[in-house]
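The lines below spell out each chain.
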Amino acid sequence: MADLEDLKTALLSDIAAAADESALEAVRVASLGKKGSISTLLSGLGKMSPDERKTEGAAINTLKEAVAAALSARRGVLKDAALEARLANETLDVTLPVRPHGAAAGRIHPISQVMDELAEIFADMGFSIAEGPDIETDDYNFTKLNFPPDHPARDMHDTFFFHPDKQGRRKVLRTHTSPVQVRTMLAQKPPIRVICPGRTYRCDSDQTHTPMFHQVEGLVIDRSSNLGHLKWILEEFLKAFFETPTVNLRFRPSYFPFTEPSMEVDVQCSRKDGEIRFGEGSDWLEILGCGMVHSNVLRNCGLDPEIYQGFAWGIGIDRLAMLKYGMPDLRAFFEADVRWLKHYGFRPLDFPSLASGLSP
C-alpha cells in the first residue's frame, strides 16, 4: 500500500507539471497505457490469492481513478490556457478608433467649393446659372464674340484646335466660357442675368497657368444696364466672397474684342508676411476683366443695340480659390494628390451659405 501511495504522489506530481498536451499524454501513456505502471499492477492481480486480489484490486482501481481524474482536470486547464493564448494573439482590439464613414473621410475639392460659393452669392442677386459644351465651334468661340480673323487667340499656339471636319471646319476646346453667353443671348430674350461657370482650355502651363482651368463669367442684358450696375455687382460679389465688410475697386481702361468700353479691375489689398488681405492696405491686385457688351456681339446674337445694352465680366475660379484659401501653386489642383485634398478640401456637408458664412 505504501508503494501505491508513493506511485500516486509521483504520478499526480508529473500530471501537475505537464506544460502542454504532449507532456500530459506522455504521463497518461506511462501510467495507464498497455505497459504503464498502473496497467502492469492490474495485470499482476491474476497471480494473487482471492483475498489479496480483493484488497489490492480495490486499491489499484482507486489509484487508477484518481490518476484518470487528475489527467482530465489537467487537460481542461491546458486547453483553457491554449485558448487564452490564442485569443490574446488573434483577437481584434475593439478599443481602436472606428474608421470614419466614407462621407466623413471624403473631401470636396476647392474648385467645387468655390463654384458653390459663387452660385450662392449670385443667386442671392437674382442670377441663374448657364452652361454649355466644352467643345465649341469657331463661330461661337470667336466670330460671334467679335474676334477678328487674325486675332492671336485664333492661333494654334494659344488654342487647342481639333482636326477639320468634312466641311473643313475646325472645332476648338473653348478658350473661355463666353460662348455660353452667346448661346444664352440666342436662346432667350432680355432681360438676361446669368453666370457661366465651367472648364476652359488654353496652351499654357506654369505655376499660375494650366492647360485646363476654370472660369466664371457674368452677363447682364437689359434696356438700361450700365457701368454703375456693374460696379455695384462686382463690389457686392467680392465683399461676400472674401467675407470682408468693404472693398475698394479701381477700374483701368483695357481692351477685349467683345466689350466696349473694356476695363481691368483691381482690388485694394495688403501684402504682409506672404498673406494677401482684401479691404485694407495700400496695394492693388488685378482681379478680373469686364466691360459693356460690344454692339457687334449684340447684333451677332440677334439683339438690337439701339434697344438693349449690357455688361459682362470674367474671372478665374482657380485664382479665386488660390487667393482666398492660400494655395501657392495652381498645378496642384489637378495632380489628384489625396494628401493635398485632405489638407485643402472641405467636408461634404459644409454647404456654403450667405447666412452662416460661405467658408467653414
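What you see is a predicted model; the values in this text were computed from it and never measured.

Asks: For this particular structure, what's the right way to read helix H6 (residues 110-124)?
Replies: The α-helix advances 3.6 residues per turn, and as a result positions three or four apart in sequence lie on the same side. The end-to-end C-alpha separation of H6 is 21 Å, in line with the 21 Å expected for 15 residues at 1.5 Å each. Along H6, the residues that are buried comprise Pro110, Ile111, Gln113, Val114, Glu117, Leu118, Ile121 and Phe122. The arc that holds every buried residue of H6, seen down its axis, measures 160°, which confines them to one face. Following H6 by one or two positions, glycine 126 adopts a phi angle in the positive range, close to 90°.

Asks: Help me understand the packing of aromatic side chains in this model?
Replies: All told, the structure shown has 15 aromatic pairs when counted by the stated rule. Look at phenylalanine 122 and phenylalanine 237: their rings are 5.0 Å apart centre to centre, the planes differ by 25°, and that puts the pair in the stacked class. Pair noted here: phenylalanine 122 is in helix H6 and phenylalanine 237 is in helix H9 (residues 227-242), with a separation of 115 residues, a long-range link. Each of the two residues, phenylalanine 122 as well as phenylalanine 237, counts as buried.

Asks: Honestly, the UniProt feature "binding site: Mg(2+)" (unreviewed entry) in the protein in this entry has me stumped. Any pointers?
Replies: Those places that UniProt annotates as "binding site: Mg(2+)" (unreviewed entry) correspond, in this numbering, to Glu260. Here glutamate 260 shows up in strand E7 (residues 259-272). Not counting residues up to four positions away in its chain, the partners in contact with glutamate 260 are Met292 and His294.

Asks: Explain the packing of helix H2 (residues 21-32) against helix H4 (residues 50-90) here, please?
Replies: In a pair of packed helices, the angle between the axes and the distance between the axes together describe the arrangement. The N-to-C vectors of H2 and H4 enclose an angle of 170°; their axes lie 10 Å apart at closest approach. On the basis of the axis angle, H2 is roughly antiparallel to H4. Facing H2, whose interface residues are Glu21, Leu24, Glu25, Val27, Arg28, Ser31 and Leu32, H4 presents Lys64, Val67, Ala68, Leu71, Arg74, Arg75, Leu78 and Lys79.

Asks: Quick question: what am I supposed to make of the nonpolar core here?
Replies: As a rule of thumb, soluble globular proteins bury nonpolar side chains together. Judged by nonpolar contacts, the single largest core of 45 residues is most densely connected at Leu118, Phe122, Phe237, Ile287, Trp313 and Leu320. For this core, the element with the most residues is H9, which contributes seven residues. Ignoring sequence-local partners within four residues, the contact set of leucine 320 consists of Val114, Leu118, Phe237, Phe241, Phe242, Ile287 and Ile315. In terms of nonpolar packing, the next biggest core, distinct from the first, is built from 23 residues, Phe142, Phe147, Met185 and Phe256 among them.

Asks: Can you walk me through the pairing of strand E9 (residues 283-293) in this structure?
Replies: Side-chain direction in a regular strand flips from residue to residue, so the side chains alternate between the two faces of the sheet. In terms of burial, E9 is largely enclosed, as eight of its 11 residues are buried. As paired elements, E7 and E9 share nine bridges and run antiparallel to each other. Paired with valine 267 across the strands is leucine 285, a residue of E9. Judged from the four bridges that link them, E9 and strand E10 (residues 309-316) form a sheet pairing that is antiparallel. In the strand pairing of E10, glycine 291 is matched with alanine 312.

Asks: Which parts of the structure should I look at to understand the pattern of salt bridges?
Replies: Between side chains of opposite charge, pairing is possible as soon as their charged atoms come close. The final tally for this structure, using the stated rule, is 17 salt bridges. Residues aspartate 134 and arginine 199 are paired through a salt bridge, measuring 3.0 Å at the closest nitrogen-oxygen approach. One end of the pair, aspartate 134, is in the loop between strand E1 (128-129) and strand E2 (135-136); the other, arginine 199, is in strand E4 (residues 192-201), with 65 residues separating them in the sequence. Aspartate 134 gets classed as buried once you look at its relative accessible area, which sits at 18%. On the basis of relative accessible area, arginine 199 is assigned to the partly exposed category, the value being 39%. Here lysine 231 and glutamate 235 are joined by a salt bridge, their closest N and O atoms 2.5 Å apart. A residue pair is termed a helical-turn pair when its members lie 3 or 4 positions apart in one helix, as lysine 231 and glutamate 235 do in helix H9 at four residues. When its relative accessible area of 18% is taken as the criterion, glutamate 235 is described as buried. Among the charged side chains, a network of salt bridges with common partners joins Arg250, Arg252, Asp266 and Glu286.

Thresholds applied
- Residues numbered from 1 in each chain as written.
- Predicted model: local features only at pLDDT ≥ 70, side-chain atom pairs only at ≥ 80, totals over all residues.
- Heavy atoms only, no water.
- Helix = DSSP H or I, 4+ residues; strand = E, 2+ residues; numbered from the N terminus.
- Expected span 1.5 Å × (residues − 1).
- Buried < 20%, exposed > 50% of the residue type's maximum accessible area, 1.4 Å probe, protein only.
- Arc of directions from axis to C-beta.
- Phe/Tyr/Trp six-rings, centres within 6.5 Å; stacked < 30°, edge-to-face > 60°.
- UniProt positions renumbered as here; feature names shortened; annotations may be inferred.
- Contact = heavy atoms within 4.5 Å.
- Axes fitted to C-alpha atoms, helices over the stretch in contact; angles between N-to-C directions.
- Parallel < 35°, antiparallel > 145°, perpendicular 65-115°, else oblique.
- Core = buried A, V, L, I, M, F, W, Y, C linked by side-chain atoms within 4.5 Å.
- Pairing = 2+ DSSP bridges.
- Salt bridge = Lys/Arg side-chain N within 4 Å of Asp/Glu carboxyl O.

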